[in-house]
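Notes for the structure review
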Amino acid sequence: MKKHLPRSCSEWLRLLIGGAAAGLVYLAVALPTGLSDAVSRINLPVIGSLCGVLCGCIFLVVNALLLEATVRRIASGRSGPGLYRLSYAGRYLLAGGVLAVGFAFFDPFAVFVVLVSPKITYLVCALAGIGMES
């Protein structure tokens, strides 16, 4: 097992592309069917759905960068498992905050679909044979 990570990890980019793709699929389904009109918390449902997708994508990037920073710090030997538990709890609290903002102000389904998109992204990468190494 490697004890170091490459200088620049592109995991955030993979997650951003997957999240944007899932968000676009959601928008392609929600806007014509009226789902966006029914659940958006903003007077202009299109804006609410777009803001929800954008909020989710920003979270994906921030979460990936925070996880990478945590893993780098632990791999360097400067910190132990306590840092990882603290980081894990902090990232989940951040996810809860993003969901709360999405459900209160934007289109809740748009935010949720983007937050679930990493599972879909990793499944597609595994099925397509795309390596997970950076």
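Shown above is the structure to which this text applies.
Now for a description of the structure that goes with this document. The structure displayed is predicted, hence computed values, not measured ones.

Regarding the nonpolar core
Soluble globular proteins tend to pack their nonpolar side chains together in the buried interior. Of all hydrophobic cores here, the largest spans 16 residues; its most connected members are Y26, V53, F59, V98, V114 and L115. Those elements that provide at least two residues to this core are α1 (11-33), α3 (45-75), α4 (81-105) and α5 (108-128). Among all residues touching F59, those that are not within four sequence positions of it are R91, L94, A95, V98 and L115.

Quick look at the packing of aromatic side chains
Two aromatic rings, taken as a pair, are described by how far apart their centres are and by the angle between their planes. Following the criterion strictly, the structure yields two aromatic pairs and no others. Members of the aromatic cluster, joined through ring pairs, are Y84, Y88 and Y92.

Side note on the side chain of R91
Locating R91 in the fold gives a position in helix α4. Look at R91: it is buried, it has no salt bridge, and the nearest opposite charge is E11 at 11 Å. Sequence-distant contacts of R91, defined by excluding residues within four places in its chain, comprise F59, N63, L66, L67 and Y84.

Some remarks on the pattern of salt bridges
Counted under the stated rule, the structure contains two salt bridges. Among the salt bridges present, the one from R14 reaches E11, with a minimum N-O distance of 3.4 Å. Of this pair, R14 and E11 both sit in helix α1, three residues apart, roughly one helical turn. Across the pair, E11 and R14 agree in class, each one buried. Close ionic contact of R72 with E68 constitutes a salt bridge, the shortest N to O distance being 2.8 Å. Of this pair, R72 and E68 both sit in helix α3, four residues apart, which is roughly one turn of that helix. According to the relative accessible area criterion, R72 is partly exposed, its value standing at 26%. On the basis of relative accessibility, which here comes to 15%, the residue E68 falls in the buried class.

A few points about α1
Helix length check: α1 (23 residues) gives 33 Å between terminal C-alpha atoms against 33 Å at 1.5 Å per residue, within 8%. Residues of α1 that are buried in the fold lie against α2 (35-39), α3 and α5. One or two steps after α1, the chain reaches G34, where phi turns positive at roughly 90°.

Points about the packing of α3 against α5
A packed helix pair is summarised by two numbers, namely the angle formed by the two axes and the spacing between the axes. Two elements in contact, α3 and α5, have axes separated by 7 Å at closest approach and are oriented at 30°. Classified by the angle their axes make, α3 and α5 are roughly parallel. In the packing of α3 onto α5, the handedness of the crossing is right-handed. Contacts between α3 and α5 involve S49, G52, V53, G56, C57, F59 and L60 on the former and, on the latter, A110, V111, V114, L115, S117 and P118. Tallied by class, the residues present in the contact of α3 with α5 amount to nine nonpolar, four polar and no charged.

Reading the values: the criteria
- Residues numbered from 1 in each chain as written.
- Predicted model: local features only at pLDDT ≥ 70, side-chain atom pairs only at ≥ 80, totals over all residues.
- Heavy atoms only, no water.
- Core = buried A, V, L, I, M, F, W, Y, C linked by side-chain atoms within 4.5 Å.
- Buried < 20%, exposed > 50% of the residue type's maximum accessible area, 1.4 Å probe, protein only.
- Helix = DSSP H or I, 4+ residues; strand = E, 2+ residues; numbered from the N terminus.
- Contact = heavy atoms within 4.5 Å.
- Phe/Tyr/Trp six-rings, centres within 6.5 Å; stacked < 30°, edge-to-face > 60°.
- Lys, Arg positive; Asp, Glu negative; His and termini not counted.
- Salt bridge = Lys/Arg side-chain N within 4 Å of Asp/Glu carboxyl O.
- Expected span 1.5 Å × (residues − 1).
- Axes fitted to C-alpha atoms, helices over the stretch in contact; angles between N-to-C directions.
- Parallel < 35°, antiparallel > 145°, perpendicular 65-115°, else oblique.
- Left-handed = near helix turned anticlockwise from the far one by under 90°.
- Nonpolar A, V, L, I, M, F, W, Y, C, P; charged D, E, K, R; others polar.

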